[in-house]
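Read off the chains here:
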Amino acid sequence: MKINERQRNILQIIVEEYAYTTAPISSKEIIAKYMPEISSATVRNEMAQLENMGLLEKTHTSSGRIPSIKGYKYYEANILQPKLSANIKHKLEKIFAQRDLSIDTIIDQSITIINESLKLPSIVTVEQSNELLKRFDLIQIDKQTALILLVTSSGTINKNTIYLHDSKQLNDISICVRIFNDRLVNTAIKDIPDKIESIKEIIRSAVHEYEFCIRQIIEKIFDFNSIPPETKIHGTKWLTMQPEFQNIELLNKVLTMLEDTNVWKHISYVQQKTGKTLITFGNEFDADELAIASTSISANGSKHQLSIIGPTRMDYSKIKGLLDFIKSETEKLSNN
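Rules behind the numbers
One numbering rule holds for all chains: residues counted from 1, following each sequence as written. The model is predicted, so local features are restricted to residues of pLDDT at least 70 and side-chain atom pairs to those at 80 or more, both for listing and for counting; the totals for chains, interfaces and linings are taken over all residues. Only heavy atoms go into the side-chain values, all of them from the structure, while hydrogens and water stay out. Numbering goes from the N terminus for both helices and strands, where a helix is a DSSP run of H or I of at least four residues and a strand is a run of E of at least two. For a compact globule the rule gives 2.2 Å times the number of residues to the power 0.38, and the radius of gyration it is set against comes from C-alpha atoms. Each residue is assigned to one of three classes by its accessible area relative to the maximum for its type, calculated with a 1.4 Å probe on protein chains only: buried under 20%, partly exposed between the two thresholds, exposed over 50%. It only takes one pair of heavy atoms within 4.5 Å for two residues to be counted as in contact. Under the convention used here, a 1.4 Å probe and the Shrake-Rupley method define accessible areas, while residue burial counts only the protein chains that appear. Counted charges follow a simple rule, with Lys and Arg positive, Asp and Glu negative, and His plus the chain ends left uncounted. The atoms used to mark charge sites are NZ of Lys, CZ of Arg, CG of Asp and CD of Glu. Following DSSP output, two strands are said to pair if at least two bridges run between them. The axes used here are C-alpha line fits, helices contributing only the stretch in contact, and every angle between their N-to-C directions lies in the interval 0 to 180 degrees.

## A few points about the overall build of the protein
When you go through the protein residue by residue, the secondary structure sums to 12 helices and 10 strands. Against the 2.2 N^0.38 benchmark of 20 Å for 336 residues, the protein shows a C-alpha radius of gyration of 26 Å, more extended than a compact globule. Each principal axis of the C-alpha atoms in the protein carries an extent, and together these give about 90 × 40 × 35 Å. When burial is assessed residue by residue, the protein has 49% of its 336 residues classed as buried. A fraction of 62% describes how many contacts in the protein between residues 6 or more apart in sequence connect residues 24 or more apart. Carbon and sulfur atoms provide 47% of the accessible area of the protein, an area that totals close to 17,000 Å². Charged side chains in the protein number 41 positive and 42 negative. The centres of these two groups are separated by 5 Å.

In structure tokens, the structure reads:
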């Protein structure tokens, strides 16, 4: 589709103004704020041309125009430039400067900043990798408390506190840790649930309090460290900050979508083809009023997909700037 430079500028103005105002944009507003040298007749004519091309729509309640899905797609493909404010960049850089943080923690803390900045919820999908368990350590804190450390091949250290009643339980824990180191070291995390089943009988025959070991050690440690949930939802509280989601029907639709794993699997499938930050508009998943921006991060053998979901009227430049920066910095950190 060929549009002239003025039409391109008008489309950009309408997309970006509408993201902030939530109201249709009129020719008077465009002239007053952006094009004072252009006549109102000329601007109205260009807006009419954009409407004829299907890039703008006229609402029933106003003489102004809003972008159509086709207009958003043209904007995303031909106009959109990522933006990242100095303030947000500084906040993210402080997170990445903490070298002792795991990749998961860095992503979670970055997502918190994204949610607060955009006032939108996000989804983090973790694709299980071939990360291995490398070591278990037992540290006795005092007579009632012990700490079990689990170290993975990515350098992640998970800590679990065990509470004791007597010295026999401490001895049982020591036996379990020894068995774990003998039987589970260099096991892929994704294979742990099956392997745990095969060593339960070994533990039963070696310890005094089998139920204590199952409840306080095996279930506690490996429920925490086994395959993570397919998706983690962050920041749903921000949904009500968006005027579109004052509509209960639309709010229910987006809440349902957040829990629909098929949507995120589809996004992930498309994402893997490009490797870039991707904007998926709602007409592709039967929700015209919504859009999803997502990026895929490969780090330490794992793949994290970060997705932002919100109304079609979103600040795509800001979103793309945030996602691109987090992707770049996380993968850079992983490769160092």
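## Some points on the pairing of strand E10 (residues 302-311)
Looking along a regular strand, one sees side chains alternate from face to face of the sheet. Among the 10 residues that make up E10, nine are buried, leaving the element largely enclosed by the rest of the structure. Note: strand E9 (residues 290-299) against E10, 10 bridges, orientation antiparallel. Across the sheet, residue Ser-294 finds its bridge partner in E10, namely Ser-307.

## Some words on the sheet that holds strand E6 (residues 157-163)
Spatially, three strands are ordered E4-E5-E6 in an open sheet, and the strand pairing comes out antiparallel. Each having just a single partner strand, strand E4 (133-140) and E6 make up the two edges of the open sheet. Geometrically, the sheet is characterised by an average inter-axis angle of 20° between neighbouring strands, direction not taken into account. Judged from the seven bridges that link them, E4 and strand E5 (residues 145-152) form a sheet pairing that is antiparallel. Directly across from Leu-133, in E5, lies its bridge partner Thr-152. Along the sheet, helix H7 (residues 167-183) makes contact with E4, E5 and E6, crossing E4 at roughly 165°.

Shape descriptors only; they carry no functional weight alone.
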